[in-house]
Amino acid sequence: MVSGRHKGQPLAQEPRHALLAVPVALIVIVTVIDILAPSSVHLGPFLVAAPAVTASFAGPRATACIGALAILAQSVVAMARTSLVDLNHTFQLITLLLMSAFVTSFAARREHHEKELTQLRSVATAAQEVVLKPLPHRVGPLRIASLYLAAESEAQIGGDLYAAARTERGTRFVIGDVRGKGLGAVGDAALLLGAFRSAAHRRADLSALVTFLEGTVSSDLDDPAALEAAAEDRGEAFITAAVLDIPDDEPVLHLISCGHPPPLLLRNGKVRALETRQAAPPLGLTEFAEAELTPEVFAFEPGDVVLLYTDGVIEARDSQGLFYPLAERAAGTTGKGPDALLAHLRTDLLRHVGGRLGDDAAMVAIQRKPRRPYEAPA
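Quick caveat, the model's predicted, so the values are computed rather than measured. (Residues numbered from 1 in each chain as written. Predicted model: local features only at pLDDT ≥ 70, side-chain atom pairs only at ≥ 80, totals over all residues. Heavy atoms only, no water.)

Take the sheet that holds strand 2 (residues 142-149) next. An order of 1-2-11-10-7-8 is seen for the six strands of this open sheet, with the pairing classed as antiparallel. Among the strands making up the open sheet, the edge pair consists of strand 1 (138-139) and strand 8 (270-273). Where strand 7 (residues 264-267) meets strand 8, four bridges bridge the pair, whose relative direction is antiparallel. Bridge pairing in strand 8 links L266 to V271. Sheet contacts for helix 11 (residues 338-353): strand 2, strand 7, strand 10 (305-309) and strand 11 (361-368); angle to strand 2, the most-contacted strand, approximately 20 degrees. (Pairing = 2+ DSSP bridges. Helix = DSSP H or I, 4+ residues; strand = E, 2+ residues; numbered from the N terminus. Contact = heavy atoms within 4.5 Å. Axes fitted to C-alpha atoms, helices over the stretch in contact; angles between N-to-C directions.)

A few words on helix 11. A rise of 1.5 Å per residue sets the reference length of helix 11, with its 16 residues, at 22 Å; its end C-alpha atoms lie 22 Å apart and thus fit the reference within 8%. Within the span of helix 11, buried status applies to P338, L341, L342, L345, D348, L349, L350, H352 and V353. Where helix 11 is buried, its residues touch strand 2, strand 7, strand 10, helix 9 (311-314), helix 10 (326-331) and strand 11. The first or second residue beyond helix 11 is G354, which carries a positive phi of 75 degrees. (Expected span 1.5 Å × (residues − 1). Buried < 20%, exposed > 50% of the residue type's maximum accessible area, 1.4 Å probe, protein only.)

What follows covers helix 4 (residues 60-81). In this model, helix 4 (22 residues) spans 31 Å end to end at C-alpha, consistent with the 32 Å of a helix rising 1.5 Å per residue. Buried within helix 4 are the following residues: P60, T63, I66, G67, A70, A73, Q74, S75, V77, A78 and R81.

This part covers the pairing of strand 10. Judged by how many residues are buried, strand 10 sits mostly within the fold: five of five residues are covered. By the alternation rule, side chains of strand 10 split into V305, L307 and Y309 and V306 and L308, which are all buried. Pairing between strand 7 and strand 10: three bridges, direction antiparallel. Across the sheet, residue L264 finds its bridge partner in strand 10, namely L307. Sheet topology places strand 10 next to strand 11; five bridges connect them, and they run antiparallel. For L307, the partnering residue across the bridge sits in strand 11 and is A365.

Taking the numbering used here, the UniProt-annotated feature "transmembrane region" (unreviewed entry) corresponds to residues 20-37, 66-84 and 90-108. The annotated region residues 20-37 carries 89% helix and 0% strand content, and the separation between its end C-alpha atoms amounts to 26 Å. The straight-line gap between the two end C-alpha atoms of residues 66-84 is 20 Å; of that span, 84% is helix and 0% is strand. (UniProt positions renumbered as here; feature names shortened; annotations may be inferred.)

Taken in spatial order, the five strands line up as 3-4-5-6-9 in an open sheet, and their pairing is antiparallel. Of all strands in the sheet, those with a lone pairing partner are strand 3 (160-166) and strand 9 (296-299), marking the two edges. Each strand axis lies, on average, 20 degrees off the axis of its neighbour in the sheet, ignoring direction. When strand 3 meets strand 4 (residues 170-178), the two strands line up antiparallel, connected through seven bridges. Paired with L161 across the bridge in strand 4 is G176.

As a packed pair, helix 2 (residues 21-36) and helix 4 sit with axes 10 Å apart at the nearest point and diverge in direction by 10 degrees. One way to sum up the angle between helix 2 and helix 4 is to call them roughly parallel. Taken together, the residues of helix 4 that come into contact with helix 2 (itself represented by P23, V24, I27, T31, D34 and I35) are I66, L69, A70, A73, V76, V77, A80 and R81. (Parallel < 35°, antiparallel > 145°, perpendicular 65-115°, else oblique.)

Residues V24, V28, V32, I35, L36, L69, L72, V76, M79, L84 and V85 make up a contiguous nonpolar surface patch of roughly 970 Å² in combined accessible area. Among the elements that take part in the nonpolar patch, helix 2 stands out by supplying five residues, more than any other. Mapped onto the secondary structure, L69 falls in helix 4. Given the relative accessible area of 33%, L69 is considered partly exposed. (Patch = residues over 30% accessible without salt bridge, like charges linked within 9 Å, V, L, I, M, F, W, Y side chains within 5 Å. Areas by Shrake-Rupley, 256 points an atom, 1.4 Å probe, with all protein chains shown as cover. Salt bridge = Lys/Arg side-chain N within 4 Å of Asp/Glu carboxyl O.)

Moving on to the pairing of strand 5 (residues 239-247). It is a general feature of regular strands that their side chains alternate between the two faces of the sheet. Most of strand 5 sits out of view: nine of its nine residues are buried. Here strand 5 shows a buried face lined by I239, A241, V243, D245 and P247 and a second buried face lined by T240, A242, L244 and I246. Inspection of the sheet shows strand 4 paired to strand 5 by nine bridges, in the antiparallel sense. Note on strand 5: the bridge partner recorded for V174 is V243.

Laid out in structure tokens, this is it:
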């Protein structure tokens, strides 16, 4: 998901220390020119730029040191040209002292806010690791890859979700998209993921599992606090989801789609959308429409790849307003493993939108391991 340095993390200390050469050089240049300039020319006011520039990238200590150096330089200029008690230089020194104190205070506040932001990002990263756990690369006869792209550059997690759970006979997956954004969407995603992880291995029937998930989401939406928060728009709080059950010993998959975009099946250079004959309504909307929670069975043979995704992928637009053609782009990647497939789609999707998504996007690629040449069908 996220590796290495977090986006937006403050600059490393080494580059910041190197930048201190800029205000120091400014002080030296202004001081030398001011001493050598005619008596009618006064460059002392330019020294205030040194601590002001320093405050933009360094902490209060470095800013105060540069301010003190600028005051010392102004004192040297005063003694070289007239005296420290000269009225003009006295006012320049007082102004420089006050401005240095002001920008030092500014640097202290900026540093404090940077520390708070770093802590918040650490919390966001921890929340991501708890709520949206990375999927294993291999489970039973399956190879798995997952990808999450946040629309906001500083965000770590949003309303898109996915998870996998191992059962006695196979592996179950869920991918979903919470309507809305912000902390409310993250909370709804965490609720559904928690319900899936707790029940996926205990509910033998896929219909029973989805019924349990629907009950969990609906009961949360009926909570008085949730009702108050959504009083003006009660009917628009829901989660689209696709729930799959992939047995280990059968070349099939079972699918229940709750208003979610259909998965794509990649086989022998062709892409097929796994459209269900009767999709159930999104989770949380059963009071408005009867839910048909009967799983449908699709062939899923060795070497096949099934691609799960959220609508943030297919609704991504380019500069001309054209949607991202996921099925077409995925067709050119058949024969690749899950990791290579998602790496290609990630690069291609970001190129399509010009580097910035308008909505969160998630993808999960699942491949049933190809048979070895000498391996007979089960």
